[in-house]
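# A structural walkthrough
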Amino acid sequence: MDDRLATQDRSGQMRRISTRFALMMAAAAVVPLLAYGAVSIISVGEGAEQAVIQGNQNVATRAGGQIERYVLDSIRILNAVAQDLRRTDLKPWQQERILLNFASQFGEYKKLILLDENGKTIASSGAEASDIQLPGADSVTLENALISRFTIDDDLLPAAVVAIQLPQGSKGGWLVGQLRLEELWRTVNSIHVGETGYALVITDEGYPLAHGNAQLRPMIARRDKQDNHPVFAALHAAGRDSKKPVSAQYASGGKDLLGVGVKLASLNWVLIIEQPTNEAFAISTRLRQQLIVSITVALFAMLLVGSLWGRRFIEPILRLTRGTRALAAGQLDTRVAIASSDELGQLGTAFNTMADRLVELQEDVRKKERHAMFGRIAIGLVHDLSHPIQNMGNSCKLILKMWDDEEYRESFRRTIERELAQIKRVLDDLRNVARPTPVERFPIDVNKTVADLVDSMMTTAANAGITMAIELAPEEIFIEGDLFALNRIYRNLITNAVQATPPRGRILVRTLKQPDDVVIEVADTGCGIPADRLDSIFDDFVTTKRRGLGLGLAISKKVVEQMGGTIAVTSQVGVGSTFSVRFPLTAARPSQIAAM
Amino acid sequence: MKRRRIAASISCGVSFLLLTCGDAPAPPPSPSDTNIVIGIPEARTDLENGLDQFLRLLTFESLTNNGADGRPIPRLAERWEWENDNTRLRLFLRPNVFLHDGRSFKGDTAVAVVRSAITNRTNVTNFPALADVVAVSAEGDELVFDLSHPSATLPEALTVPLDKAETPVGTGPYRVIEQTDTTATLEAFDRYYQGKPTINRVGVRIFNTLRSASASLLRGELDVVYDVPADGVEFVRNDDIDVISVPRWYQHVLTLNVSDSRFKSPLVRRAFNLAVDRAAIVKKVLRGAGEPSGGPIYPRYWAFDPDVPNYAFDPVTAAALLDSAGYRMPKAARDDGAPARLRFTCLLPKDFTVWERVALEVQKDLFNIGIDMQFKVVPMEEFGTLVSEKKFEAAFIDIISGPTPTRTYMWWRSAKAFKGRNVFGYENQDAEREFGILLRSTNDAAIRSSTSRLQRIFYDDPPALFVAWDARARAINRRFVVPGDSRDPMWTLWKWTIASPRRIALDK
């Protein structure tokens, strides 16, 4: 239990030190890394996004230019035809032939007609004269041509009427064509940004003309106005003459989109390129993720390295700590192995030297204690045995002289018996220390035995000028015990109390019944026992008296414990001592009361 | 700890069940719930489109049908057998075929219906073999056709729809329950012999223009646009709308009034055929939805001989032929027109956009070899009258020319021998002979060799300028699953099914 707690305590300390070490390293190395990483993540991400937006704007600008050129070229081609037709020497059939060839060659013009100054059809590229109307008031002029608003024709293609006025000198009139921008759709369809980006063209009124996303193309047929499209609105807000592309991020159709737009100024159209942001910003997102992962991995690596290095660094200290604790626990054979040549190694060597010295000192102390103990035992034996032996010797000397005195012979016999009994008691005590006498256990009436014993020692107390009182528990109390041994215990305790108490002192013997135990207390008002000797008062050959073997309390404790009890002492120097003996109660009752 | 594990397991299990339950596909709609709306753009592209023709397609059937290669395949007749030296054709009718009025299609009922169809003058004109039938009788579930003489093309001729009775009642999968000039509603015929149609109700609407029809389709108001011109295909098709190309048995033809002396010479007509860049026309005008035509015989007809040469684009040879025919290029131009070897006027029906564009390309190519073709654009009705009365020099027509030579026969057999549709004055005895063989022969080898010879005859003496075989496109909402076992998806409308939502997602 103590070892486990010690191990846990050690590992907890180890963690704290290693953790602090690792955190210290992390703080020193990773905090700057984190700061740099945060700045990098933000700036790289923003930079990458800006690059994407710029790239898309470039695509939009190029595509817009391409579309403008396509439309303007279509109109320029018509201008070229008009130039051809201005030749005054062309006959109608020649003019018609020109129109036919042109319409056949350039599929953008569904039909071409040549009108005279009165609006009558002179020639037509179609099978019959057509009723194409000249562009109206809402037309615009572009490349010397009048162009009507682009609408979606019956074939779902953006179409407009283009008219070029022929000068009066060439008989005047108009060259009118139905311009159909089939290629516009193909061009818009071919504009791809990434995997899912597409383009769309919106007229200045907000009507879509072409859409690169087939799913959204129905808006063209439905003529769904797009004037609230964020990019369209932004371009309009930028002003008619603004040529700068705009960008915006918005949600549409359940997706987050990046939209960039440019104006096709000559046509009053808007070209918008849309790309889902998760694709557009995939690179910057990936960069950010990579940075975050890298920094996180670096952080954990630093923590790991710091932890491992810290453990390695701290390990010698912990070994020393463990060694010190083991020494303190009495494991004097503990040595530490610290194989390093630095200060920690020196500390380890010093520790081992100290442990060796401790062993030597302990051995010395033990020798001295043994000497002291043997000395005490010798003195005790001398004291306890010399008196009886001396008395016996004196009596033996006198018996030779007084052999005829029968009274003296009786006195001699009593003296020899008495002193031999004393010697026997001493020898019994010694034997009990080495080999405790087995105790018998019978149900004993505690109150009676205590009362009888106190009664027998009243005289002894009185002779010492001490008042001895007895307080017995009102209930009957029975324990399992050896009557003889118990009496010896009580006698020993009372004798010690008498010896420790000065005249006019007081000794109280009492019994207390508790739920499961009985307590027999012997309290005196004697000199008390010093606190530093209380712990060893029950040890063998320990005594506070000047003489004696110091076995009384040791034997009492052994006997008490043999009977399943405990003995304890509380004492205060100058006030007195209280010895408490506790035995477990028994429900058994004696078949006949044991009597002294 | 143990309780936490149990709680976690239960939570996971419940979540799993909820997720799988959430993903379970919605049950497909039952047949009684399924309707379809079909839009037909009235921007005419050929003579045949129209509400009536479309309705006939769904309501009336024929005894036999045309296979893709021109061989007749069973329809109301399961099979047939020739008897009596090929002068009797016994047809075995399918069981459990009912007319919409509940009568069983067999016995005298079937005889009456068939007789009214096969004696119809238009049908006889279109299918000369019908004229050989002297009697039709019923023997239980069998119809017996007695012929005046063997007529190998009778099974093909029985592809005429049985809609000519005084009060025609069809056997088709649908019957009309409501009709106006521009709309019609049909409901499924429960007792249709091939099974009750999966689509319960069909609505048909006429639109003025393709744009309006396509816009309705894209708005979800229509499920089908019946006819999408080539220009619009790539712009209509998207993830929700499929466009299925349908090859047709029609071809664009510049017909010539061969009675006119200018067109009598085969050299002139061959020159015409050599002058035209058909591949460019198919690519530019038809957007690839078609194929160049080499003559009046359908190139996928089973007996067609691919080794017979087709007309190549060879304006030089064309000019040389015209020279040898006596039509040389004048040295000086006229004031009223370009110098030309030959001038004529071509009739063109009004508002047929694709015809006009093809015709304009032909005009350009002819002009390049010195032929000045001018157009006279007239309304359709007038066009038909002028052509039938032979009051034309040339006419641009979409002619049904397949899948069998019966169609060729109908247009180009001698008008003196047969009152078909040959209003063009074409006569060729060799062709007549081969037509006779084709009509009578029941031997495959003989038919093949006769067809091959006919091809060569027409190559040397082309009846007209054959430009290109046509194709059409149907735009269909992808929520319908269209079986792929038919030339035209409209023929299998009755067994279209509704795609499950999951299927649509996968297709996208």
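Structure: see above.
Quick look at the structure, then. For every chain, the first residue of its written sequence is number 1, and the numbers climb from 1 along that sequence. Each chain gets a letter, beginning with A, and each ligand a number, beginning with 1, in the order they are written. Side-chain atom pairs in this predicted model are given and counted only at pLDDT of 80 or more, local residue features only at pLDDT of at least 70, and totals for whole chains, interfaces and linings cover all residues. Hydrogens and waters are ignored; side-chain quantities use all the structure's heavy atoms.

## Description of the overall build of chain A
Note on conventions: DSSP H or I runs of at least 4 residues are helices, E runs of at least 2 residues are strands, and numbering of each starts at the N terminus. The helix and strand tally for chain A stands at 13 helices and 19 strands. Here's how the labels work: a residue is buried when its accessible area is under 20% of the maximum for its type, exposed when over 50%, partly exposed in between, all with a 1.4 Å probe on protein chains only. When each of the 596 residues of chain A is scored for burial, the buried share is 44%. Residues are treated as being in contact if the distance between any of their heavy atoms lies within 4.5 Å. Taking the contacts inside chain A whose residues are at least 6 apart along the sequence as the reference set, 63% of them involve residues at least 24 apart.

## Considering the nonpolar core
Buried Ala, Val, Leu, Ile, Met, Phe, Trp, Tyr and Cys residues that are joined via side-chain atoms within 4.5 Å together make up what is termed a nonpolar core. Ranked by size, the top nonpolar core spans 81 residues in total, and within it Leu254(B), Phe272(B), Phe344(B), Val362(B), Leu366(B) and Phe396(B) carry the most contacts. In terms of residue count, the dominant contributor to this core is helix α11 (residues 353-368) of chain B (seven residues). With residues up to four places along the chain from it excluded, the contact list for Phe344(B) reads Leu254(B), Arg262(B), Phe263(B), Phe272(B), Leu366(B), Ile371(B), Asp372(B), Met373(B), Gln374(B), Glu393(B) and Ala394(B). Core analysis: the second largest hydrophobic core is formed by 74 residues, Leu85(A), Phe150(A), Leu222(B) and Val225(B) among them.

## Quick word on the packing of helix α14 (residues 429-440) of chain B against helix α15 (residues 444-460) of chain B
Each pair of packed helices can be summarised by the angle the axes make with each other and by the distance between the axes. Residues and elements named next belong to chain B. Simply put, an axis is a line fit to the C-alpha atoms, just over the touching stretch for a helix, and the angle between two N-to-C directions goes from 0 to 180 degrees. At a minimum axis separation of 9 Å, α14 and α15 run at an interaxial angle of 155°. Between α14 and α15, the angle is such that the two are roughly antiparallel. Crossing geometry of α14 relative to α15 is assigned as left-handed. Across the interface between the two elements, Asp 430, Ala 431, Glu 434, Phe 435, Ile 437 and Leu 438 of α14 pack against Ile 447, Ser 450, Thr 451, Arg 453, Leu 454, Ile 457 and Phe 458 of α15. Just so you know the grouping, Ala, Val, Leu, Ile, Met, Phe, Trp, Tyr, Cys and Pro go in nonpolar, Asp, Glu, Lys and Arg go in charged, and all remaining residues, Gly too, go in polar. Class assignment for the residues of the contact of α14 with α15 results in eight nonpolar, two polar and three charged. When describing relative orientation, an angle under 35 degrees is termed roughly parallel and one over 145 degrees roughly antiparallel, while 65 to 115 degrees is termed roughly perpendicular and anything else oblique. By definition, any crossing whose near helix is turned counterclockwise from its far helix by less than a right angle is left-handed, and any crossing with a clockwise turn is right-handed.

## Examining the pairing of strand β1 (residues 35-41) of chain B
Residue and element names in this part refer to chain B. Counting buried residues along β1, five of its seven residues qualify, which places the element largely inside the surrounding structure. Between any two strands, pairing holds if DSSP finds at least two bridges. Alignment of β1 against strand β10 (residues 201-207), held across seven bridges, turns out to be parallel. Paired with Gly 39 across the two strands is Arg 205, which belongs to β10. As paired strands, β1 and strand β11 (residues 224-225) are joined by two bridges and run parallel to one another.

## Examining the side chain of Ser293(B)
Residue and element names in this part refer to chain B. Among the secondary structure elements, Ser 293 is positioned in the loop between β13 (290-292) and α10 (315-324). When its relative accessible area of 2% is taken as the criterion, Ser 293 is described as buried. Nitrogen and oxygen atoms within 3.5 Å of one another constitute a polar contact, given that in protein one can donate a hydrogen and the other can accept it, and given that sequence-neighbouring residues count only through two side-chain atoms. Engagement of the side chain of Ser 293 in a polar contact is seen with the side chain of Gln 251, the distance being 2.3 Å. Look past the residues within four positions of Ser 293 in its chain and what remains in contact with it is Gln 251, Arg 278, Phe 466, Val 467, Ala 468 and Trp 469.

## Examining the packing of helix α11 (residues 483-500) of chain A against helix α13 (residues 552-562) of chain A
Residue and element names in this part refer to chain A. Contact geometry for α11 and α13: axes closest at 10 Å, N-to-C directions at 145°. With respect to the hand of their crossing, α11 and α13 are arranged in left-handed fashion. Here Ala 485, Arg 488, Ile 489, Asn 492, Leu 493 and Asn 496 of α11 lie close against α13, whose contacting residues are Gly 552, Leu 553, Ile 555, Ser 556, Val 559 and Val 560. Tallied by class, the residues present in the contact of α11 with α13 amount to seven nonpolar, four polar and one charged.

## Looking at the interface of chain A and chain B
If you look at the interface, chain A gives 31 residues, while chain B gives 38 residues. Together chain A and chain B conceal approximately 2800 Å² of surface at their shared face, both sides included; 53% is due to carbon and sulfur atoms. Interface area lost by chain A to chain B is led by Trp93(A), Arg97(A) and Ala127(A), which between them contribute 21%. By definition here, a salt bridge exists when the distance from a side-chain nitrogen of Lys or Arg to a carboxyl oxygen of Asp or Glu is within 4 Å. Taken together, chain A and chain B are joined by one salt bridge. Measuring nitrogen to oxygen at the nearest pair gives 3.7 Å for the salt bridge that ties Glu356(B) to Lys111(A). For the pair chain A and chain B, the interface holds four residue pairs in polar contact (both at pLDDT 80 or more). Those elements giving two or more residues to the side of chain A that touches chain B turn out to be α2 (92-105), α3 (182-190) and α4 (218-222) of chain A. If you tally residues by element for the side of chain A that touches chain B, the top one is α2(A), at seven residues. For the side of chain A that touches chain B, the class distribution of residues is ten nonpolar, seven polar and 14 charged. Two parts lose some accessible area (1.4 Å probe) when they are put together, and adding that loss for both gives the buried area.

## Details of the packing of aromatic side chains
Residue and element names in this part refer to chain B. Two aromatic rings from Phe, Tyr or Trp, using only the six-membered ring of Trp, form a pair when their centres are within 6.5 Å; if the ring planes differ by under 30 degrees the pair is stacked, by over 60 it is edge-to-face, and anything between is tilted. Considering all chains together, one arrives at 23 aromatic pairs over all chains under this definition. Ring geometry for Phe 263 and Phe 344: centres 5.2 Å apart, planes at 90°, overall edge-to-face. Placement of Phe 263 in the loop between β12 (241-256) and α8 (266-275) and of Phe 344 in strand β14 (residues 342-349) is noted, with a sequence separation of 81 residues between them. The pair formed by Phe 263 and Phe 344 is uniform in burial state, with each residue classed as buried.

## Remarks on the sheet that holds strand β5 (residues 88-93) of chain B
The strands making up a sheet are joined through hydrogen bonds of the backbone, oriented either antiparallel or parallel. All names here are of chain B. Strand order in this open sheet of four strands is β4-β5-β7-β6, and the pairing throughout is antiparallel. Edge positions in the open sheet fall to β4 (77-83) and β6 (133-139), since each of these has one partner strand only. With strand direction ignored, the average angle separating the axes of adjacent strands in the sheet is 20°. Inspection of the sheet shows β5 paired to strand β7 (residues 142-147) by five bridges, in the antiparallel sense. For Arg 90, the partnering residue across the bridge sits in β7 and is Val 144. Set on the sheet, helix α3 (residues 107-118) makes contact with β5, β6 and β7; between it and β6 the angle comes to about 160°.

## Here we look at empty space enclosed by the protein
For each structure, a 1 Å grid was placed over the protein atoms alone; sets of points admitting a 1.4 Å probe that cannot get out are labelled cavities, open sets with protein on both sides within 12 Å along at least five of seven lines are labelled pockets, and lining residues have an atom within 4 Å of a point. Grid points are joined across faces, edges and corners, and a volume is the space filled by probe spheres set on the points. Using the criterion set out here, one finds six cavities of 30 Å³ or more in the structure. Reported here for the largest cavity is a volume of approximately 100 Å³. Each residue belonging to the lining of the largest cavity can be placed in one class, and the counts come to seven nonpolar, four polar and no charged.

## Focus: a nonpolar patch on the surface
A grouping of Val44(A), Ile283(A) and Leu287(A) is seen on the molecular surface, where their side chains present a nonpolar patch of about 210 Å² in accessible area. In this structure, Leu287(A) sits in helix α7 (residues 282-328). Patch membership is restricted to residues that have no salt bridge and whose relative accessible area is over 30%. Joining uses 9 Å for like charges and 5 Å for the nonpolar side chains Val, Leu, Ile, Met, Phe, Trp and Tyr. Per-residue and other accessible areas follow the Shrake-Rupley method at a 1.4 Å probe size, with only the shown protein chains counted as cover for residues.

## Focus on α11(B)
Residue and element names in this part refer to chain B. Helices are assigned an expected span. That span is 1.5 Å times one less than the residue count. Between its first and last C-alpha, α11 extends 23 Å over 16 residues, near the 22 Å set by a 1.5 Å rise per residue. Extensive coverage of α11 is indicated by the burial of 13 of its 16 residues. Once α11 finishes, Gly 370 follows within two positions and takes phi at roughly 90°, a positive value.

## Quick notes on the sheet that holds strand β16 (residues 506-513) of chain A
All names here are of chain A. Read across the sheet, five strands follow the order β14-β16-β17-β19-β18 without closing on themselves; strand pairing throughout is mixed. At either end of the open sheet lies a strand with only one pairing partner, and these are β14 (467-471) and β18 (566-572). Strand after strand, the sheet turns through a mean of 15° between neighbouring axes, direction not considered. Pairing of strand β17 (residues 517-524) with strand β19 (residues 576-584), which is carried by seven bridges, proceeds in the antiparallel orientation. Counterpart to Val 518 in the pairing with β19 is Phe 583. Contacts from helix α10 (residues 446-463) reach β14, β16 and β17 within the one sheet, and its direction differs from that of β14 by about 170°. Strands β14, β16, β17, β18 and β19 of the sheet are contacted by α11, whose axis makes an angle of about 25° with β17.

## Digging into the pattern of salt bridges
Scanning the model with the defined rule gives 57 salt bridges over all chains in all. Salt-bridge contacts for Arg149(A) lead to Glu205(A); the nearest nitrogen and oxygen are separated by 3.4 Å. Of the two residues, Arg149(A) is situated in the loop between β4 (145-147) and β5 (151-152) and Glu205(A) in the loop between β8 (198-203) and β9 (208-211); the sequence distance between them amounts to 56 residues. Residue classification places Glu205(A) among the partly exposed positions, given a relative accessible area of 33%. When salt bridges that share partners are traced, they join Asp227(B), Arg248(B), Asp398(B), Asp470(B) and Arg472(B) into one network.

## Thoughts on the environment of Thr180(B)
Residue and element names in this part refer to chain B. The residue Thr 180 is located in the loop between β8 (174-179) and β9 (183-188) in this model. Of note is the side chain of Thr 180, whose polar atom sits 3.3 Å from the backbone nitrogen of Thr 182. Within polar-contact distance, the side chain of Thr 180 engages the side chain of Thr 183 at 2.7 Å.

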